[in-house]
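Listed below are the residues making up each chain.
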Amino acid sequence: MAPRWRNASGCLSVVGERNLNQTSVTLAVVLLLGVAVEEGGAQDAVLAAGERFQGKVAFVSDEDRVAFSTLEGARVTVRAAALPGEKVRPRVVLTVGGEPIAVPKARTKVGGHGKWHKLKRVPVATAGPIEAVVVGNGGKLGSYELTIEEFLPSTVKAKLALASEAAVDVPFLARAGATATAVIAAKGKGPSLASPVLRAPSGESLDLTGLVLPLSDGRRLEIGPVPLPETGTYVLEVAPGGAGKEKVKVRVELSHATLAGGLVVEDPGHATVSGSLTLGDGSWLPGADASSQSFADGEVLVRLAPGDDAAAVAAALGAAIVGRAPNGWVRLRSPDAMPHALGSPGSARRTAGLVTRARALDRVVEAQPNHVRTSFAPPSDAMYPEQWDFPRCRMEEAWAVTTGDASRCVAVLDTGVRAEHPDLAGRLHAGYDFVDEPWNAGDGNGIDGDPRDEFLSLGTHGTHVIGTIAAGFDNGVGVAGAVPDVKVLPVRVLGVLGGTDFDIAQGVLYAAGLPNVSGKLPPVTADVINMSLGGPNPSEILHQAIRDAVDAGVIVIAAAGNAGTTKPYYPAAYPEVVAVTATNVLDDLADYSSTGVHVDLCAPGGEKLKDLDQNGHLDGIVSTIVHPQLGPTYAQKSGTSMAAPHVAAAAFLVRAAVPDLPEPLVRAVLAAAAVDLGEPGPDPQFGVGRLDVAGALDVALGNATGPAEPFLHEVPLRFAGHQSDRPLALVNRGGGGPIAVTAVTADAPWLIPVQTTGTSPCVLDVRVEKAGLAPGAYAASLTVETTAGDLTVPVEMEVSFDGPVPISRVFVLAVDVVTGKVAGGVAVTEETADSFTLDPLPAWL
């Protein structure tokens, strides 16, 4: 009997006992009611996690309902989208018990002439069932896809006051297969904290043996990573260590919710489909995205328990062994496999059945499809093909790991911003204007809460820098920002003639959430500050503000300057700042870029008047501007100003991926992953090398490969001026897990290693004792002994003269305080000090 199309309803379940990639799977239940059924019965659809079904549906007056369950406290993203070439305009509403869930306007997105509708990260106040109701708009017929993603909280924070005998519980939500790490830190002085207890949803206490690391005499406990075996609410029980009251901070990080792209853990719930009249042919599609997640037809990868016989497993599956890995993985292929049938309906059914049967075997520990991976698709922004700088920094691969964190922010201290640019819509915090003098600000007043750039004729420099970091991502227009999920805090510190040290210092303090002249604090404290600005003169007020910001945990990035000389520019030349030089499309140093021994990294800054790669596009950095006549538009600029925001974006992505990573270690992972350019090793032109964002994430997350390789930052370690303490950060930029530091020794009595042991990533504090030393330059070295080899660190120290100086002769100079030009001068000795004359001097003095 030929199949007939009819109203079909059935049960759609997301099933599976383990994660396909050991950590997470995408809950992308994509379905359209287009199920072919035989007369007299409905077909039930059972999807493996991440699969989808598509067909055609009539959107005249009917509606489709997809019921799914999630965990209370999670967030869900639901997207209904017309297939390419279809005219249907789907709309989706979430309901519980028939009542719509209120969704804030900011979480509702509509695009493509209404051809897709998205509800983004809607908070779920119930465990379900929840219904996604899909309706048509305009009576159009056509195919659509429905995707449901679940997001669980990634971070749980608590501030506790522990009574003398009472323990306090910190609950958090997680799914089976996730991992948790926690930090418990007590304030003040007192007895050490007692070991915590972690209870599973079943009430069973998990074994934390070897997973609790006491630090600071037991006043800080680091726990984990702890594998979580169940789905539900876990409870971390924090107990006091002695009499009195303890004020304690607790922070729990969960692995599954910090992954990019909405990846979630196994067992994401179930979905049930019911609908009305359906038209057309349906087909099975593998994976959450058939264009990028395919697999080898009829193949399964299995990991066996030690001593198990691979041949017996292959015989049980009726498959042949086609490859073995030394770590226990075996590649098996079905005799009816078609190697070139990637992603076909037959391939999906054949491969899914093989994987399911393999998982049912007792001797099989893991089983998964043999996924085929391709290069990452770039965002759809119209001008993205001109953004050569992002692929050069491996930004696209980084987006596969993390897209950022919109609850955090990057502060851009610059000329302000033109918020009317459509590619910056929804990407900005309110910000502040610290340009104090009205004649310089151009807005008729002093500091205020409006960071608007008032000088379109100057090219809206700040708007261009902000666009590089945060222009709308994958929205089909203009350019893409380097961080898909971020909000920028615009802080105006530059007017028509630039910005003063005072104004810039106040902007730094404001962005860092520290007291400043405005009396205001930002809506969100910045994780990263970008300053594409500078000048040749050092400034203690600016340096102090930067030191305070760095002490507060902020990563500070600055452009090295565009003078094309080795003269240091500030704030980039301060040791607490990541100084960035600029490269061109050929990875050569840009001809305008300033250099120096203080340089940390280089990044694409472009050369907008050249086409060195001869691809028909000039080689500048294209980003957002507002033109005096054209209004909001896009333009190329080049400079270290353009290079710095690439590094700021990278630092933000690292901080988003590993939120608790201290500032010295963020700098260290950026340096450890950099691609060495020029002469081997660090140099004044490129620093440690050109920015590699994906590589930095690999180092930060412990995903780097190859042999263990300890990396220290900064080398050489320099103590200038009155500095007496500096951090020396250690990371492993290879594979093989953490590296232990067993000893740190110095070859000079004035050089003191404060911390002599640790495990990567860690910060080894180093101190110098200058008392009793004569003024001058000193050199010594540290030896850092690790389980992966020993490292030698050159140390340079400068001792300045602070006492009275015997004077035999001085120079008296007349200086123009505006230009800094010396107009005249005279040498004065002890005999002539009572009477001297500067003559002649220019008339303008």
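The rules behind these values
Residues numbered from 1 in each chain as written. Predicted model: local features only at pLDDT ≥ 70, side-chain atom pairs only at ≥ 80, totals over all residues. Heavy atoms only, no water. Helix = DSSP H or I, 4+ residues; strand = E, 2+ residues; numbered from the N terminus. Buried < 20%, exposed > 50% of the residue type's maximum accessible area, 1.4 Å probe, protein only. Contact = heavy atoms within 4.5 Å. Areas by Shrake-Rupley, 256 points an atom, 1.4 Å probe, with all protein chains shown as cover. Salt bridge = Lys/Arg side-chain N within 4 Å of Asp/Glu carboxyl O. Polar contact = N/O pair within 3.5 Å; in protein donor to acceptor, adjacent residues only side chain to side chain. Patch = residues over 30% accessible without salt bridge, like charges linked within 9 Å, V, L, I, M, F, W, Y side chains within 5 Å. Lys, Arg positive; Asp, Glu negative; His and termini not counted. Charge placed at Lys NZ, Arg CZ, Asp CG, Glu CD. Pairing = 2+ DSSP bridges. Axes fitted to C-alpha atoms, helices over the stretch in contact; angles between N-to-C directions. Parallel < 35°, antiparallel > 145°, perpendicular 65-115°, else oblique. Nonpolar A, V, L, I, M, F, W, Y, C, P; charged D, E, K, R; others polar. Phe/Tyr/Trp six-rings, centres within 6.5 Å; stacked < 30°, edge-to-face > 60°. pLDDT = per-residue confidence, 0-100.

Undergrad: Could you give an account of the overall build of the protein chain, naming the residues involved and the relevant values?
TA: Looking only at helices and strands, the protein chain features 11 helices and 46 strands. Going through the 845 residues of the protein chain one by one, you find that 50% of them count as buried. Sequence-distant contacts in the protein chain: of pairs separated by 6 or more residues, those separated by 24 or more amount to 72%. When the accessible surface of the protein chain is split by element, carbon and sulfur atoms take 54% of a total near 37,000 Å².

Undergrad: Which residues make up the pattern of salt bridges, and what are the values?
TA: All told, the structure shown has 27 salt bridges when counted by the stated rule. A salt bridge links Asp 433 to Arg 492; the nearest nitrogen and oxygen atoms lie 3.3 Å apart. A residue pair is termed long-range when its members are at least 10 positions apart, and Asp 433 in strand 28 (residues 432-433) and Arg 492 in strand 29 (residues 485-492) qualify at 59 residues. One exposure class covers both Asp 433 and Arg 492, and it is buried. Residue Glu 796 is joined to Arg 718 by a salt bridge in which the shortest nitrogen-to-oxygen separation is 3.1 Å. In this pair, Glu 796 sits in strand 44 (residues 789-799) while Arg 718 sits in strand 37 (residues 717-719), placing the two residues 78 residues apart along the sequence. Residue class for Glu 796 comes out partly exposed when judged on its relative accessible area of 35%.

Undergrad: So what about the environment of Arg 718? Which residues, and what values?
TA: The class for Arg 718 is partly exposed, based on a relative accessible area of 30%. The spacing of Arg 718 and Ala 779 is 61 residues in sequence and 9.4 Å in space, taken between C-alpha atoms. Side-chain polar atoms of Arg 718 contact the side chain of Glu 796, separated by 3.1 Å.

Undergrad: So what's going on with a positive patch on the surface? Residues and values would help.
TA: Taken together, the side chains of Lys 157, Lys 159, Lys 187, Lys 247 and Lys 249 make up a positively charged region of the molecular surface. Under the relative-accessibility criterion, Lys 249 is labelled partly exposed at 39%.

Undergrad: Go over the pairing of strand 8 (residues 108-111) with me, naming the residues and quoting the values.
TA: On a regular strand, one side chain projects to one face of the sheet and the next to the other, so that they alternate. Here strand 8 pairs with strand 9 (residues 116-123) via four bridges, running antiparallel. Across the sheet, residue Lys 109 finds its bridge partner in strand 9, namely Lys 118. Counting the residues in the hairpin turn of strand 8 and strand 9 gives four residues, including Gly 112, whose phi is positive at 60°.

Undergrad: An account of the packing of helix 7 (residues 501-511) against helix 8 (residues 540-551) is requested, with residue identities and associated values reported.
TA: Two elements in contact, helix 7 and helix 8, have axes whose closest approach is 8 Å; the angle formed by their N-to-C orientations is 5°. In terms of orientation, helix 7 lies roughly parallel with respect to helix 8. Residue-level inspection shows Asp 501, Phe 502, Ile 504, Ala 505, Val 508 and Leu 509 of helix 7 in contact with helix 8, the latter providing Ile 541, Leu 542, Ala 545, Ile 546, Asp 548 and Ala 549. Considered class by class, the residues forming the contact of helix 7 with helix 8 number 10 nonpolar, no polar and two charged.

Undergrad: Break down the packing of aromatic side chains for me, citing the residues and quoting the values.
TA: Counting across every chain of the model gives 10 aromatic pairs. With centroids separated by 6.3 Å and ring planes inclined at 50°, the aromatic side chains of Tyr 384 and Trp 399 adopt a geometry described as tilted. Taken together, the positions of Tyr 384 in the loop between strand 26 (364-372) and helix 3 (389-392) and Trp 399 in helix 4 (residues 395-399) put the pair 15 residues apart, joining distant regions of the chain. On the accessibility criterion, Tyr 384 (5% relative accessible area) is buried. Given a relative accessible area of 9%, Trp 399 falls into the buried group. Judged by centre distance (4.9 Å) and plane angle (50°), the rings of Tyr 570 and Tyr 574 are tilted. For the residue pair Tyr 570 and Tyr 574, the accessibility class agrees, reading buried in each case. By the ring-pair criterion, three or more aromatic residues cluster together here, those being Tyr 384, Phe 390, Trp 399 and Phe 473.

Undergrad: Which residues make up the sheet that holds strand 19 (residues 232-238), and what are the values?
TA: With antiparallel pairing, the three strands of this open sheet are ordered in space as 14-19-16. Looking along the sheet, the strands with just one partner apiece sit at the ends: strand 14 (168-174) and strand 16 (197-199). Looking at each pair of strands side by side, their axes are set apart by 20° on average, direction ignored. Bridge analysis of strand 16 against strand 19 gives three bridges, and the strand direction is antiparallel. Opposite Val 197, over in strand 19, you have Glu 237 as the bridge partner.

Undergrad: A description of the confidence of the model for the protein chain should follow, citing residues and the corresponding values.
TA: Taken residue by residue, the protein chain gives an average pLDDT of 78. The fraction at 70 or more is 76%. Low confidence marks residues 1-62, where pLDDT is under 50. Its contacts with residues over four positions away, or in another chain, come to 207 contacts. Counting interchain partners and residues more than four positions distant, the pLDDT-below-50 stretch residues 340-345 has 10 contacts.

Undergrad: Describe the environment of Val 508, naming the residues involved and giving the relevant values.
TA: Inspection of the secondary structure puts Val 508 in helix 7. Once the C-alpha coordinates of Val 508 and Ile 529 are considered, the two residues, 21 residues apart in sequence, prove to be 7.6 Å apart. Aside from chain neighbours lying at most four places away, what touches Val 508 is Leu 413, Ile 529, Met 531, Leu 542, Ala 545, Ile 546 and Ala 549.

Undergrad: Got a sec to walk through unusual backbone geometry? Specific residues and values, please.
TA: Here the bond from Gly 224 into Pro 225 is cis, since omega is 5°, no more than 30 degrees from zero. Along the chain, the position of Pro 225 falls in strand 18 (residues 220-227). The peptide bond linking Val 715 to Pro 716 adopts the cis configuration, its omega dihedral lying at -5°. Within the secondary structure, Pro 716 is located in the loop between strand 36 (710-713) and strand 37. In the Ramachandran plot, Arg 121 falls in the positive-phi region, its phi being about 45° despite a non-glycine side chain. Relative to the helices and strands, Arg 121 resides in strand 9. In the Ramachandran plot, Gln 614 falls in the positive-phi region, its phi being about 50° despite a non-glycine side chain. As for its placement among the helices and strands, Gln 614 is situated in the loop between strand 33 (601-604) and strand 34 (621-627). Judged by relative accessible area, Gln 614 falls into the exposed class, the value being 71%.

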